[in-house]
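Examination of the molecular architecture
Each chain, letter by letter, is given below.
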Amino acid sequence: GCTDSAACNYDSSATEEDGSCDFCSCGEPLSGYSLQVEEHAVNGIAGMTTYRFYIGMESSEDFLSAMYGSLQNPLAVNTSDGFYNDAFASGATADGLNAALFGFFPTLAFDSWVTIGSADSNGSGGVQSVGMEAYWDGFNGTGFTVNNFTGASWFIIPGSSVDAISGDDQRVLIAQLTTEGILDLVVNVQYDNANGETFSED
């Protein structure tokens, strides 16, 4: 069972950790929008776990347009023991990854990155950013926090990517993070609903 007392599904009677600890679904969400995490791979990089993070949406037609941080609404992507960054990766966003190279460089598939929808360069729309250049280097260390007046974001231009539409599973991929440490992820999202109205969620 789950032996970590900080987890939502902590089991005081469990005697052996089985990897089932859930840290993201405590309590009732304020709306149908949620942060979801999945264990994508274990030991793809020796001793590390690769996680994928998604924003769960209310409708299959919702469009996730931006992830942002500011003084009032900080954004944090941090880990206690550093992120895995592959030597053959070309940046902090998934659209810089060429999946055709995974067969030649298998470790490239476990690189750490952020995105909106696309898991590699085969996606339908490129992720752009404003002010994030000062933070991307955090992937070479233990991460970054955006909590200043000017803020920063990575985004997709509305209507430019079908990958940013939640689809039948009603969720959109926002990050792949590989680490052997404890992750701390705080996100703020901007999205357009099926009626074309724009909203933000913390």
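Read on for a plain summary of the structure. Nothing here was measured: the structure is a model prediction, and the numbers come from that model.

Focus: the overall build of the protein
Scanning the protein from terminus to terminus reveals 0 helices and 12 strands. In sequence order, the secondary structure elements of the protein are arranged as β-β-β-β-β-β-β-β-β-β-β-β. For the protein, whose C-alpha radius of gyration is 17 Å, the value lies close to the compact-globule estimate of 17 Å for 202 residues. Dimensions of the protein, computed from C-alpha atoms along their principal axes, come out at roughly 50 × 45 × 35 Å. Across the 202 residues in the protein, those meeting the buried criterion constitute 41%. For the protein, the exposed surface amounts to about 10000 Å²; the carbon and sulfur share of it is 49%.

As for the sheet that holds strand S7 (residues 143–146)
One open sheet accounts for 3 strands, arranged S7-S4-S10; its pairing is antiparallel. The sheet is open, and its two borders are formed by S7 and strand S10 (183–186), each paired with just one other strand. Going from strand to strand, the sheet's axes swing by 15° on average, the running direction of each strand aside. Looking at chain direction, strand S4 (residues 75–79) and S10 are connected through 4 bridges and run antiparallel. By the bridge assignment for S10, Ala 76 is matched with Val 186.

A word on the pairing of strand S2 (residues 49–56)
Every other side chain in a regular strand lies on the same face of the sheet, so the side chains alternate between the two faces. By the criterion of burial, S2 is predominantly enclosed, with 7 of the 8 residues buried. Counting the residues between successive antiparallel strands, the hairpin from strand S1 (residues 34–42) to S2 contains 6 residues, one of them, Asn 43, with a positive phi of roughly 65°. As paired elements, S2 and strand S9 (residues 171–179) share 8 bridges and run antiparallel to each other. Bridged to Arg 52 within S9 is Gln 176.

Topic: the packing of aromatic side chains
Two measures describe an aromatic ring pair: the distance that separates the ring centres and the angle between the ring planes. Under the counting rule described, the total for this entry stands at 8 aromatic pairs. Between Trp 136 and Phe 139, the aromatic rings sit 6.4 Å apart at their centres with planes inclined by 15°, giving stacked as the arrangement. For the residue pair Trp 136 and Phe 139, the accessibility class agrees, reading buried in each case. The rings of Phe 83, Tyr 135, Trp 136, Phe 139, Phe 144 and Trp 154 are connected pair by pair, giving a single aromatic cluster. Positioned above the aromatic ring of Tyr 54 is the side chain of Arg 171, whose terminal nitrogen or guanidinium carbon lies 3.7 Å from the ring centre.

As for the sheet that holds strand S5 (residues 113–114)
Here 4 strands make up an open sheet; going across it, the order is S1-S2-S9-S5 and the pairing antiparallel. A strand with exactly one partner marks an edge of an open sheet, and here the two such strands are S1 and S5.

Observations concerning the side chain of Thr 115
Structurally, Thr 115 can be placed in the loop between S5 and strand S6 (128–130). With sequence-adjacent residues up to four places away left out, Thr 115 is seen in contact with Ala 94, Val 127, Trp 154, Leu 173, Ile 174 and Ala 175.

A look at the nonpolar core
Nonpolar side chains tend toward joint burial in soluble globular proteins. One finds Leu 64, Met 67, Phe 139, Phe 144 and Trp 154 to be the most contacted residues of the largest nonpolar core, which totals 32 residues. Within the residue set of this core, elements represented by two or more residues are S2, strand S3 (63–69), S4, S7, strand S8 (152–155), S9 and strand S11 (189–192). With 4 residues, the single largest contributor to this core is S9. Ignoring any residue separated from it by four or fewer positions in sequence, one finds Met 67 in contact with Ile 55, Leu 75, Ile 116, Ala 152, Ser 153, Trp 154, Ile 174, Val 187, Asn 188 and Val 189.

Concerning the pattern of salt bridges
Oppositely charged side chains can form a pair if their charged atoms are brought close together. In this structure the tally under the stated criterion is 2 salt bridges. Notably, a salt bridge pairs Arg 171 with Asp 169, separated by 3.6 Å at the nearest N-O pair.

Looking at unusual backbone geometry
Residue Asn 43 is not a glycine yet carries a positive backbone phi of 65°. For Asn 43, the location among the structural elements is in the loop between S1 and S2.

Some details on the pairing of S9
With 9 of its 9 residues buried, S9 lies for the most part within the structure. Pairing analysis gives 2 bridges linking S5 to S9, with the strands arranged antiparallel. The residue bridging Val 114 from the neighbouring strand is Ala 175, located in S9.

About the cut-offs
- Residues numbered from 1 in each chain as written.
- Predicted model: local features only at pLDDT ≥ 70, side-chain atom pairs only at ≥ 80, totals over all residues.
- Heavy atoms only, no water.
- Helix = DSSP H or I, 4+ residues; strand = E, 2+ residues; numbered from the N terminus.
- Rg over C-alpha atoms; globule rule 2.2 N^0.38 Å.
- Buried < 20%, exposed > 50% of the residue type's maximum accessible area, 1.4 Å probe, protein only.
- Areas by Shrake-Rupley, 256 points an atom, 1.4 Å probe, with all protein chains shown as cover.
- Pairing = 2+ DSSP bridges.
- Axes fitted to C-alpha atoms, helices over the stretch in contact; angles between N-to-C directions.
- Phe/Tyr/Trp six-rings, centres within 6.5 Å; stacked < 30°, edge-to-face > 60°.
- Lys NZ or Arg CZ within 6 Å of the ring centre and 35° of its normal.
- Contact = heavy atoms within 4.5 Å.
- Core = buried A, V, L, I, M, F, W, Y, C linked by side-chain atoms within 4.5 Å.
- Salt bridge = Lys/Arg side-chain N within 4 Å of Asp/Glu carboxyl O.

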